[in-house]
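An overview of the molecular structure
This is what each chain is made of:
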Amino acid sequence: MGSQGGFGQSKEFLDLIKSIGESRSKAEEDRIVLREVETLKVRLNDPNTPKYKLKEYIIRLLYVEMLGHDASFGYIHAVKMTHDENLLLKRTGYLAVTLFLNEDHDLIILIVNTIQKDLKSDNFLVVCAALNAVCRLINEETIPAVLPQVVDLLGHQKEAVRKKAVMALHRFSQKAPGSVSHLVSNFRKKLCDNDPGVMGAALCPLFDLINADVDKYKDLAVSFVNILKQVAERRLPKSYDYHQMPAPFIQIKLLKILSLLGTGDKKASEQMYTIVGDIMRKCDSTSNIGNAILYESICCVSSLHPNPKLLEAAADAIAKFLKSDSHNLKYLGIDALTRLIKINPEIAEQHQLAVIDCLEDPDDTLKRKTFDLLYKMTSSSNVEVIVDRMIEYMISINDSHYKTEIASRCVELAEQFAPNNQWFIQTMNKVFEHAADLVNAKVAHNLMKLIAEGFGEDDDTADSQLRSSAVESYLRIMGEPKLPSAFLQVICWVLGEYGIADGKYSASYIIGKLCDVAEAHPDDDTVKAYAVTGIMKIYSFEIASGNPVDLLPECQSLIEEMLASHSTDLQQRAYELQSIFTLDARAVKKIMPMDSTCDDIEIDKNLSFLDGYVQQAIENGAQPYIPESERLGISSISDFRSHDVHEPSTHALRFEAYELPKPSLPHNIPPVLASSTELVPVEPSYVIDIPHPTSAPSASDTGSSELKLRLDGVQKKWGRPTYSSPAPSSSSTDLVKVQNEAPRPDSASSSKPKTRDSSYDSRKQQTEIPPEKQRLAASLFGGSSKSEGRQPPSQKNSKTQNHTSDKSRSSKASAPDTAVKPSQPPPDLLDLGEPSIASSVPSVDPFKQFEGLFDFTQETTPASTGGVDGASKDSDFTSLFADMSLSAQSNIDPNPESNGLGGSKVEPTSPQLNKGPNLKEALEKDALVRQVGVTPSGQNPNLFKDLLG
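Residues numbered from 1 in each chain as written. Predicted model: local features only at pLDDT ≥ 70, side-chain atom pairs only at ≥ 80, totals over all residues. Heavy atoms only, no water.

This part takes up the overall build of the chain. Summing up its helical and strand segments, the chain has 42 helices and 2 strands in all. Residues counted as buried form 43% of the 949 residues belonging to the chain. (Helix = DSSP H or I, 4+ residues; strand = E, 2+ residues; numbered from the N terminus. Buried < 20%, exposed > 50% of the residue type's maximum accessible area, 1.4 Å probe, protein only.)

Attention now goes to the nonpolar core. It is characteristic of soluble globular proteins that their nonpolar side chains tend to be buried jointly. Phe172, Phe224 and Tyr474 are the most contacted members of the largest nonpolar core, which totals 213 residues. Top contributing element to this core by residue count: helix α28 (residues 525-544), with 11 residues. Dropping the residues within four chain positions of it, Phe172 is found in contact with Val134, Ile138, Ile143, Val146, Leu147, Val150, Pro177, Ser179 and Val180. (Core = buried A, V, L, I, M, F, W, Y, C linked by side-chain atoms within 4.5 Å. Contact = heavy atoms within 4.5 Å.)

Turning our eyes to something else, we now look at the pattern of salt bridges. The tally for this structure, following the rule as stated, stands at 29 salt bridges. With a closest N to O distance of 2.8 Å, Glu103 and Lys175 form a salt bridge. Note that Glu103 is positioned in the loop between α5 (87-100) and α6 (108-119) and Lys175 in helix α9 (residues 159-175), a separation of 72 residues in sequence. Here Glu103 falls in the partly exposed class, since its relative accessible area comes to 26%. Between Lys238 and Asp241 there is a salt bridge whose closest N-O contact spans 3.7 Å. Ionic contacts of the salt-bridge type, sharing partners, join the residues Glu12, Glu36, Arg43, Glu56 and Arg60 into one network. (Salt bridge = Lys/Arg side-chain N within 4 Å of Asp/Glu carboxyl O.)

As a further point, take the packing of aromatic side chains. As enumerated under the stated definition, the model contains 10 aromatic pairs in all. When the ring of Tyr393 is compared with that of Tyr402, the centres are 6.0 Å apart and the planes differ by 80 degrees; the resulting orientation is edge-to-face. Note on accessibility: Tyr393 and Tyr402 belong to one class, buried. Between Tyr539 and Phe581, the ring centres sit 4.9 Å apart and the planes meet at 65 degrees, which makes this aromatic pair edge-to-face. Residue Tyr539 is located in helix α28, and its partner Phe581 is located in the loop between α30 (568-580) and α31 (585-591); the two are separated by 42 residues in the primary sequence. Every member of this aromatic cluster is reached through a ring pair, and the members are Phe371, Tyr393 and Tyr402. The residue whose ring lies beneath Lys158 is Phe124, and the NZ or CZ to ring-centre distance is 4.9 Å. Seen from the ring of Tyr402, Arg368 lies directly overhead, with NZ or CZ sitting 4.1 Å from the centre. (Phe/Tyr/Trp six-rings, centres within 6.5 Å; stacked < 30°, edge-to-face > 60°. Lys NZ or Arg CZ within 6 Å of the ring centre and 35° of its normal.)

Our focus in this paragraph is helix α16 (residues 308-323). With 16 residues, α16 extends 23 Å between its outermost C-alpha atoms, agreeing within 8% with the 22 Å of an ideal straight helix rising 1.5 Å per residue. Within the sequence span of α16, burial applies to Leu310, Leu311, Ala314, Ala315, Ala317, Ile318, Ala319, Phe321 and Leu322. Of the surrounding elements, those touching the buried residues of α16 are α14 (266-282), α15 (288-303), α17 (327-340), α18 (346-349) and α19 (352-359). (Expected span 1.5 Å × (residues − 1).)

Contact geometry for helix α26 (residues 485-498) and α28: axes closest at 8 Å, N-to-C directions at 5 degrees. By the criterion of interaxial angle, the relationship of α26 to α28 is roughly parallel. Residues Ser485, Leu488, Gln489, Cys492, Trp493, Leu495, Gly496 and Glu497 of α26 touch α28, and the partners they reach there are Thr526, Val527, Tyr530, Ala531, Gly534, Lys537, Ile538 and Phe541. For the contact of α26 with α28, the class distribution of residues is 9 nonpolar, 5 polar and 2 charged. (Axes fitted to C-alpha atoms, helices over the stretch in contact; angles between N-to-C directions. Parallel < 35°, antiparallel > 145°, perpendicular 65-115°, else oblique. Nonpolar A, V, L, I, M, F, W, Y, C, P; charged D, E, K, R; others polar.)

Where helix α8 (residues 143-152) contacts α9, the two axes come as close as 10 Å, and the packing angle between them is 145 degrees. The crossing of α8 and α9 is left-handed. Where α8 abuts α9, its residues Ile143, Val146, Leu147, Val150 and Val151 lie against Ala165, Ala168, Leu169 and Phe172. (Left-handed = near helix turned anticlockwise from the far one by under 90°.)

With that settled, the discussion passes to the confidence of the model for the chain. Residue-level pLDDT values for the chain average 74, and 66% of them are 70 or greater. Within the chain, helix α35 (residues 671-674) has the poorest average pLDDT of any element, 40, and helix α13 (residues 248-262) the best, 95. Between residues 635-652, whose pLDDT stays under 50, and residues either more than four places distant or in other chains, the model counts 43 contacts. Residue range residues 714-765 is modelled with pLDDT below 50. Its contacts to residues more than four positions away, or to other chains, number 99 contacts. (pLDDT = per-residue confidence, 0-100.)

Looking at the secondary structure, you find Lys369 in helix α20 (residues 364-376). Not counting residues within four places of it along the chain, the set of residues in contact with Lys369 comprises Tyr331, Ile334 and Asp335.

In structure tokens form, the structure reads like this:
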């Protein structure tokens with residue numbers, strides 16, 4: 001005891017730990033550890049070191065590695081120690097390698113044989129040590145080497161070995177599900193193990209499997225209920241009790257599984273009501289573990305089909321959490337209340353004052369959780385109070401990540417539940433002002449659209465008032481020192497569009513303000529562009545109205561600065577502004593019409609109004625326009641197939657053929673051939689019809705007399721795209737409408753709950769509640785009942801239309817037109833070998849599988865597998881696997897039909913290519929077969945068609 005401290009270690013090791021603990025700086029600690037590293041290097045390499053000393057050195061090596069220093073020089077010694085016959089040394093070696101190495105380390109291969117041997121050992125402690133290493137070190141490639149031994153250990157006589165074997169199989173299923181998909185039935189069987197520890201270990205893999213596919217385990221719902229009932233009735237040994245709660249961690253895992261199985265299933269939920277209610281009644285709320293089970297029970301109730309009695313019990317349990325003085329329990333209560341209000345919003349009204357207290361609590365974590373609750377219980381009656389509180393909290397925090405989340409929530413709630421447009425604009429102004437550039441840029445576009453569209457009705461007076469209030473608020477906000485770029489863009493747009501609309505402000509005043517914005521942000525080209533455009537609009541409106549226009553000095557200096565800018569966009573806008581002053585009122589009205597922001601815009605993509613000009617130019621000798629694809633000599637593979645109607649299209653691989661090479665011209669070529677545009681004519685299927693009958697040959701075509709590699713027909717991968725197949729237009733003009741239709745109103749009108757008596761703490765009821773808190777609680781919880789039956793204003797309907805559906809419309813627009821069909825799913829982990837309904841699997845084209853890397857167009861139909869038919873229905877869950885069949889049915893066709901390269905029938909339709917006496921034809925045919933990579937004497941002259949068929 002004296003020299004070794006009772007731990008079997010030397011005094012030298014204890015002095016090392018003591019010196020490290022007493023070090024006063026990191027530098028001093030590093031010096032001590034580095035000195036220890038040098039000592040260990042010398043002693044580990046000494047061949048005469050005794051084994052008991054070697055064990056201590058390995059432990060000291062662990063200590064060095066734990067302090068952040070490199071101990072890789074001793075890894076091999078830990079691996080060697082796993083081979084030792086001494087049990088203590090072997091377990092120390094396994095402990096060291098599991099902490100030193102990872103599954104991809106190079107030394108793993110050295111201990112695989114040792115693990116295989118130790119898994120067959122008669123000493124169960126050695127087997128347990130090997131299983132610990134299996135869970136930590138075995139990777140996907142080495143799983144087959146140890147899998148048979150691990151499966152055999154599921155029937156070991158020692159419960160510790162069986163438990164670790166289940167854990168090892170669970171680890172295998174996480175790393176490589178396909179390697180143990182045929183062994184999933186073992187997890188079901190281990191539910192019926194005599195030892196509760198093995199049964200508890202089997203719950204973890206089953207939870208993962210049920211989470212992946214609930215339907216295949218619906219038959220186990222009764223069994224899980226029976227197991228939970230036996231645990232709650234204390235039928236397990238006393239050793240599984242923790243703080244007088246029977247196997248609490250097993251109960252929590254079972255409640256999680258039941259919540260998965262009961263989601264959306266009324267029949268399964270009815271089987272769980274009784275046991276969940278019993279657990280909630282028996283929970284000891286005086287201990288942390290009891291509160292944990294109670295919280296998990298509430299989560300389970302929120303997932304099951306609603307039951308009034310269970311919801312009432314859950315509400316009472318939440319009241320206990322909220323009454324507590326512990327912030328942790330209050331946090332649990334707020335989180336549980338957030339789950340339950342989705343089912344019954346009335347529950348939140350019982351805890352009004354408790355929620356207000358949590359909202360004003362100095363604990364920031366609790367406050368954030370309370371805001372999550374308010375966000376989910378927002379309605380049109382309390383949106384103003386909740387959004388205002390969120391904005392106040394957003395101003396007070398410095399966490400940019402959470403400030404972004406709060407800002408996005410404020411915008412979302414304002415768009416969904418805003419009572420009128422004026423409140424929405426004011427709220428957006430606050431969010432932009434205090435959240436700066438953290439606000440999504442799309443919010444600025446929605447705000448401008450709202451101001452332009454107005455109330456969505458024919459009430460011009462209300463729209464004018466809305467725009468006037470927006471102009472006044474923006475003129476007031478412009479004096480702030482720091483405003484985000486997106487908000488400044490909105491301000492410039494609104495001032496340019498509606499700054500002088502009501503006649504309250506003069507044009508010179510608004511133009512001066514816009515010039516100030518551009519001058520205050522010299523580095524932001526986007527803001528300057530918006531400001532110049534706003535100035536141009538105001539001058540246009542003045543000219544169109546016949547008012548005298550004077551160019552302000554500050555505006556003139558701004559234009560001169562823009563004309564010298566490096567940005568071509570700013571230069572263009574400045575030139576446009578200058579040109580406005582040279583036009584008359586009639587022309588300006590055509591160019592910049594008043595209040596035309598919501599007009600439909602007709603876009604002629606083909607520019608058909610220029611057809612007369614183009615035709616006249618062609619008659620005068622101009623050459624017609626040739627598309628880029630035709631200029632580069634590109635033809636799509638579909639053009640080739642359109643000429644070859646005999647070949648069926650069995651796959652959609654897209655190949656681009658190399659263009660025929662230009663051979664060198666012999667001296668005996670006639671002059672007529674030498675002057676042609678192409679030395680070798682192209683196959684008819686690759687000829688692109690050019691509208692102009694003749695085209696001048698390029699310099700490369702006429703000036704080169706040697707063979708060159710031409711890549712005109714090859715699809716480029718990294719450069720400018722050259723593969724384009726212009727689709728014929730059905731009409732000369734495409735009309736693109738700017739959709740300004742009003743979004744759908746908010747039709748989700750939640751039922752107005754009745755006000756119930758508060759179940760908050762009686763101690764706090766006795767004290768006088770401040771009037772401010774009473775008003776806040778009434779605004780958050782009681783406003784819905786008071787406003788029931790009141791006709792909503794038209795502004796609310798219009799606002800809801802403008803924002804709720806605009807948001808949904810934008811999300812729909814971002815979705816692709818065609819969904820990508822999923823590929824074949826991974827092997828089924830839940831297949832127990834039971835007979836399943838066979839589904840016809842289409843024959844798979846190997847060429848098509850290769851194509852799947854580029855285009856997921858083939859939908860594979862996975863074989864459906866059924867659950868276990870013979871599920872136990874009585875309370876004795878040991879008969880779960882009584883009728884299980886271990887025969888597996890494969891859904892893979894052992895003889896896939898394959899014909900040729902792509903599994904399709906090859907129809908030789910093209911004649912044999914032979915060199916003819918004509919030099920021109922010989923060059924053409926030689927070039928054609930070189931594209932395929934074969935010689936003219938090859939055995940398959942139709943290979944080119946086979947590849948492209």
